[in-house]
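Read off the chains here:
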Amino acid sequence: MKKLLRTILVEDEQFVRRDLAEMLQKTAQVDLIGEAGTVKEAIQVINTKKPDLVFLDLNLADMDGYRVLDAIESAPAVVAVTAFPQHAATAFSRNLADYILKPVEENRLKTALHRARDQIFLRSMKDNTGVPLEINGQTSQIPLANFFWVKSNENYVEICTTQGRGLIRSTFQAFCEKLPPGFTLEISRGHVVARHQIKSWKRNPNGHLEITLKCGASFPVSKRLQKEVQQQLEYLI
């Protein structure tokens, strides 16, 4: 199952907002859950919907875009979007995920999404104490950073980690819903791998994708997901 980044666009120029929305939707990386054209609208929609990611124009017509960051209750990853390069130092001092200049290019947008996912993942590592997992008769908290893959196994979820394998009684969907956005990549029905553990990928003699993890395990990608996974892998380059 795919977990998209719940994203809000804040941009006062409607045609720019439309173009950026189309580019984001083409990536298949985000779920665009809201848009805003003013600081007031942005604060309201962000506080209401609590997104994972915000693309924020720093030069809104009514006020400085940084006013949004000062007023919102949650702490989403933020990518600044502006036509003015002189704001970059301030943007990074505010710990923004990235800073991109207009007009936005597709490759640059891809990089920004990758950096936003990294920031969300690192934050989740700090906030997450791990998952209690029994391995070889001993239960301990396993950090998400130690996960290699997660697979459905009848009424259980099988998890492979740096410490070994274990089972948790749960549906696959319920367990994956608790994982951070962008943490895993679905490679077949009921089977996901941790993105940060992907070492390489290639086409096998039949032309199908195979992914190799840092633990040495290799998995074929299902026919249904070939195109989508190839696109997702490009974000890891």
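Report follows, based on the coordinates. Computed from a predicted model, the values in this text were never measured in an experiment.

### A short note on the overall build of the protein
Item 1. In terms of regular secondary structure, the protein is built from seven helices and 15 strands.
Item 2. Relative to the compact-globule value of 18 Å for 237 residues, the protein shows a C-alpha radius of gyration of 19 Å, a close match.
Item 3. With respect to the principal axes defined by its C-alpha atoms, the protein has extents near 60 × 40 × 30 Å.
Item 4. Counting all 237 residues of the protein, 49% fall into the buried class.
Item 5. Taking the intrachain contacts of the protein between residues at least 6 apart in sequence as the baseline, contacts between residues at least 24 apart amount to 54%.
Item 6. Carbon and sulfur atoms provide 49% of the accessible area of the protein, an area that totals close to 12,200 Å².

### Considerations on the nonpolar core
Item 1. Of all hydrophobic cores here, the largest spans 22 residues; its most connected members are Ile8, Val10, Ile46, Val54, Leu56 and Val68.
Item 2. Where this core is concerned, the elements lending two or more residues are strand S1 (5-10), strand S2 (30-36), helix H2 (39-49), strand S3 (53-57), helix H3 (66-71) and strand S4 (77-82).
Item 3. Ranked by residue count, the leading element in this core is H2, at five residues.
Item 4. Excluding residues that lie within four positions of it along the chain, Leu56 makes contacts with Val10, Gly65, Val68, Leu69, Val78, Val79, Ala80 and Val81.
Item 5. Residues Leu9, Leu20, Leu53 and Ile120 belong to the second largest nonpolar core, which totals 20 residues.

### A short note on the packing of aromatic side chains
Item 1. Here the structure, examined in full by the defined rule, presents two aromatic pairs.
Item 2. When the ring of Phe147 is compared with that of Phe183, the centres are 6.2 Å apart and the planes differ by 65 degrees; the resulting orientation is edge-to-face. With Phe147 in strand S8 (residues 147-153) and Phe183 in the loop between helix H6 (172-177) and strand S11 (184-188), the pair connects residues that are 36 residues apart, well separated along the chain. As far as the burial class goes, Phe147 and Phe183 line up, both buried.
Item 3. Aromatic pair Trp149 and Phe219: ring centres 6.0 Å apart, planes at 80 degrees, arrangement edge-to-face. Note that Trp149 is positioned in strand S8 and Phe219 in strand S15 (residues 218-220), a separation of 70 residues in sequence. The pair formed by Trp149 and Phe219 is uniform in burial state, with each residue classed as buried.
Item 4. Here the basic side chain of Lys151 rests over the ring of Trp149, its NZ or CZ set 4.9 Å away from the ring centre.

### Details of the environment of Trp201
Item 1. Checked against the element boundaries, Trp201 lands in strand S13 (residues 198-203).
Item 2. Note: C-alpha distance between Trp201 and Gly137 (64 residues apart in sequence) is 34 Å.

### Quick notes on the environment of Gly166
Item 1. Mapped onto the elements of the fold, Gly166 is located in strand S10 (residues 164-169).
Item 2. In sequence terms Gly166 and Leu109 are 57 residues apart; their C-alpha atoms lie 38 Å from each other.
Item 3. Dropping the residues within four chain positions of it, Gly166 is found in contact with Leu133, Glu134, Ile135, Val157, Glu158 and Ile159.

### Side note on the sheet that holds S15
Item 1. Spatially, S13-S14-S15 is the arrangement adopted by the three strands of the open sheet, whose pairing is antiparallel. The open sheet is flanked by S13 and S15, the only strands paired with a single partner. Strand-to-strand twist across the sheet, computed as the mean angle between neighbouring axes with direction ignored, equals 20 degrees.
Item 2. Inspection of the sheet shows S13 paired to strand S14 (residues 209-213) by five bridges, in the antiparallel sense. From the neighbouring strand, Ile198 faces S14, where its bridge partner is Leu213.

### Quick word on the pairing of strand S12 (residues 191-194)
Item 1. The alternating pattern of S12 places His191 and Val193 on one face and Val192 and Ala194 on the opposite face, and all of these are buried.
Item 2. Judged from the three bridges that link them, S8 and S12 form a sheet pairing that is antiparallel. The partner of Lys151 across the bridge, within S12, is His191.
Item 3. What sits between S11 and S12 in their antiparallel hairpin is a turn of two residues, with Gly190 showing a positive phi close to 75 degrees.

What counts, and where the lines are drawn
- Residues numbered from 1 in each chain as written.
- Predicted model: local features only at pLDDT ≥ 70, side-chain atom pairs only at ≥ 80, totals over all residues.
- Heavy atoms only, no water.
- Helix = DSSP H or I, 4+ residues; strand = E, 2+ residues; numbered from the N terminus.
- Rg over C-alpha atoms; globule rule 2.2 N^0.38 Å.
- Buried < 20%, exposed > 50% of the residue type's maximum accessible area, 1.4 Å probe, protein only.
- Contact = heavy atoms within 4.5 Å.
- Areas by Shrake-Rupley, 256 points an atom, 1.4 Å probe, with all protein chains shown as cover.
- Core = buried A, V, L, I, M, F, W, Y, C linked by side-chain atoms within 4.5 Å.
- Phe/Tyr/Trp six-rings, centres within 6.5 Å; stacked < 30°, edge-to-face > 60°.
- Lys NZ or Arg CZ within 6 Å of the ring centre and 35° of its normal.
- Pairing = 2+ DSSP bridges.
- Axes fitted to C-alpha atoms, helices over the stretch in contact; angles between N-to-C directions.

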